[in-house]
Amino acid sequence: MERESDSVVSQWINSRNYLETAGIVLTAEEQAWFSADTHSGPPFRVTRYYASLIREADPADPIRLQSIPSILEEQLNPHELEDPLGEADHSPVPRLIRRYPARALFITTGSCAVYCRHCFRRSIAGAAAPPTDAEILAAAEYIGKHPEITELLLSGGDPLMLSDERLEGIIRSFREQRPDLVLRICTRVPVVQPARVTPSVLAILAACRNPALYVVTQFNHPAEVTEESRTAVKALVDCGIPVLNQTVLLRGVNDSADCLQQLFESLVAVRAIPYYLFQLDLAPGTAHFRVSLERTREIYRELQKRLSRLALPDLSVDLPGGEGKVVLADSGIVSRKGSRYLLRNQEGYSCHYTDPGESDRV
Ligand SMILES: *Cc1c(COP(=O)(O)O)cnc(C)c1O
Ligand code: SF4
């Protein structure tokens, strides 16, 4: 059975020769990665489409930094963790991760159209194969026996790397056990290989959109919001699939309020709703992408002032060890004394507010 989508496989680049033929001049750090005998991070893989967005002569190009490996990935830091989210400890059956009572995540495949150099699922990306029928059935039966799980995330790797048949088969297996299950498909394909959002993929997703199916993308930079990726996102929304976006904050790529403002506004303009802005997980070899939490919060405070609520994602940090996500936005409560609160708005204006409490119902 065909397991990976041919339409993506034919578009892969995994040799430095292609980059050089395309006129991309590799930096010393990039050359050093390609010359090294072994690598601790994900393999090199980029699509022709995504590589075509790179400005060849610019060593700081944001698409390049996310997709062309650098020897900096081999610098490992003591606080970095192989499994930064502690997912292996929260797996009741193979490939299923349950960190929350009401939602679970299924690892569909380790394959991705582009291996992001900042990937936090390093132990999976480039490694895990598509699931066997027995693994799918075991996970679906587990979900069937746990009606308190109301939402299932299909993640990876990238679920849209699977063949159409496989993708449809997985969705159907879960929905057979639980027709009421809300599905969330987490994929970078609309960003890095928008042509994979084919009429056939749209038809499969549209047929499964009841009761609800969401797609969550990962746009990290305005340069990724192209004619092609816009078309892919709009096609999803047009067939009744809401699109949410998660952005990873990356030093040198998108770590400024100007850049993120432009990104989030352009996403809202194509009906993709900014959902989370993530502090980078503590995955090994990603230190060169890390922004200090202090600067992250500064950037976020600036975004709070500038953006409409629709365009502003929640700022979130994943706790190491698998204890889940923490939303970091300032609460606006400066202090409280009984029912008397001191509240402060985004412009820094503060004001007392007395909570009248709840009156008895009549
Ligand atoms: C992030 C995540 C979820 C979903 O969390 P939300 O806050 O609802 O987006 C569910 N399960 C796992 C294992 C996750 O990492
Ligand atoms: S698409 Fe996701 S899983 Fe794949 S390399 Fe990028 S961050 Fe990692």
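Participant: A description of the site of ligand 2 should follow, citing residues and the corresponding values.
Facilitator: In the vicinity of ligand 2, the residues found are C112, V114, Y115, C116, C119, G157, R188 and Q218. By residue class, the composition of the shell around ligand 2 is five nonpolar, two polar and one charged.

Participant: Please give an account of the sheet that holds strand β8 (residues 243-248) that cites residues and values.
Facilitator: As summarised here, the arrangement of the nine strands in space is β3-β4-β5-β6-β7-β8-β9-β10-β11, forming an open sheet in which the pairing is mixed. With one partner strand each, in any of the chains shown, β3 (96-97) and β11 (324-327) form the two edges of the open sheet. For β8 and strand β9 (residues 272-278), the ladder comprises six bridges, and the chain directions are parallel. In the sheet register, V243 faces β9, and the bridge partner there is A272. In this fold helix α6 (residues 133-145) packs onto β3, β4 (103-107) and β5 (151-155), with an angle of close to 180 degrees to the strand it touches most, β4. Together, β9 and β10 (314-319) form the strand contacts of helix α12 (residues 293-306), whose direction differs from that of β10 by roughly 155 degrees.

Participant: Lay out the packing of aromatic side chains in plain terms, naming residues and giving numbers.
Facilitator: Going through the model one piece at a time under the given rule, you end up with five aromatic pairs. Measuring from centroid to centroid gives 5.2 Å for W33 and F34, while their planes differ by 85 degrees, and the two rings are edge-to-face. As far as burial versus exposure is concerned, W33 and F34 are alike and both buried. Aromatic pair F34 and F44: ring centres 5.2 Å apart, planes at 90 degrees, arrangement edge-to-face. Of this pair, F34 sits in helix α3 (residues 28-35) while F44 sits in the loop between α3 and β2 (46-47), placing them 10 residues apart in sequence. Residues F34 and F44 agree in their burial class; the two are buried. Within the aromatic cluster, the residues linked to one another by ring pairs are W33, F34 and F44.

Participant: Give me the lowdown on the nonpolar core, citing residues and values where you can.
Facilitator: Core analysis: the biggest nonpolar cluster contains 76 residues, and L152, F174 and L205 have the highest contact counts within it. Once residues lying within four places of it in the same chain are set aside, the contact partners of F174 are F106, A139, A140, I143, L152, L154 and L181. Core analysis: the second largest hydrophobic core is formed by eight residues, L105, I107, C186 and V216 among them.

Participant: Any chance you could break down a nonpolar patch on the surface for me, citing the residues and the numbers?
Facilitator: On the surface, a nonpolar cluster with roughly 260 Å² of combined accessible area is contributed by I333, L343 and Y353. Turning to its location among the elements, I333 is positioned in strand β12 (residues 333-337). Overall, I333 belongs to the partly exposed group, its relative accessible area being 43%.

Participant: Can you explain the site of ligand 1? Please cite residues and give values.
Facilitator: Surveying the vicinity of ligand 1 reveals the residues I97, R99, Y100, R103, L105, L153, R184, Y275, Y276 and K325. A distance of 2.7 Å separates an oxygen atom of ligand 1 from a polar side-chain atom of R103. Between Y275 and ligand 1, the recorded distance is 2.7 Å, taken from a side-chain N or O atom to an oxygen atom. With the chains in place, 92% of the 380 Å² that ligand 1 exposes on its own is no longer accessible. For the shell around ligand 1, the secondary structure elements donating two or more residues are β4 and β9. Split by residue class, the shell around ligand 1 holds six nonpolar, no polar and four charged.

Reading the values: rules and limits
- Residues numbered from 1 in each chain as written.
- Chains lettered and ligands numbered in written order.
- Predicted model: local features only at pLDDT ≥ 70, side-chain atom pairs only at ≥ 80, totals over all residues.
- Heavy atoms only, no water.
- Near = heavy atom within 4 Å.
- Nonpolar A, V, L, I, M, F, W, Y, C, P; charged D, E, K, R; others polar.
- Pairing = 2+ DSSP bridges.
- Helix = DSSP H or I, 4+ residues; strand = E, 2+ residues; numbered from the N terminus.
- Contact = heavy atoms within 4.5 Å.
- Axes fitted to C-alpha atoms, helices over the stretch in contact; angles between N-to-C directions.
- Phe/Tyr/Trp six-rings, centres within 6.5 Å; stacked < 30°, edge-to-face > 60°.
- Buried < 20%, exposed > 50% of the residue type's maximum accessible area, 1.4 Å probe, protein only.
- Core = buried A, V, L, I, M, F, W, Y, C linked by side-chain atoms within 4.5 Å.
- Patch = residues over 30% accessible without salt bridge, like charges linked within 9 Å, V, L, I, M, F, W, Y side chains within 5 Å.
- Areas by Shrake-Rupley, 256 points an atom, 1.4 Å probe, with all protein chains shown as cover.
- Salt bridge = Lys/Arg side-chain N within 4 Å of Asp/Glu carboxyl O.
- Polar contact = N/O pair within 3.5 Å; in protein donor to acceptor, adjacent residues only side chain to side chain.

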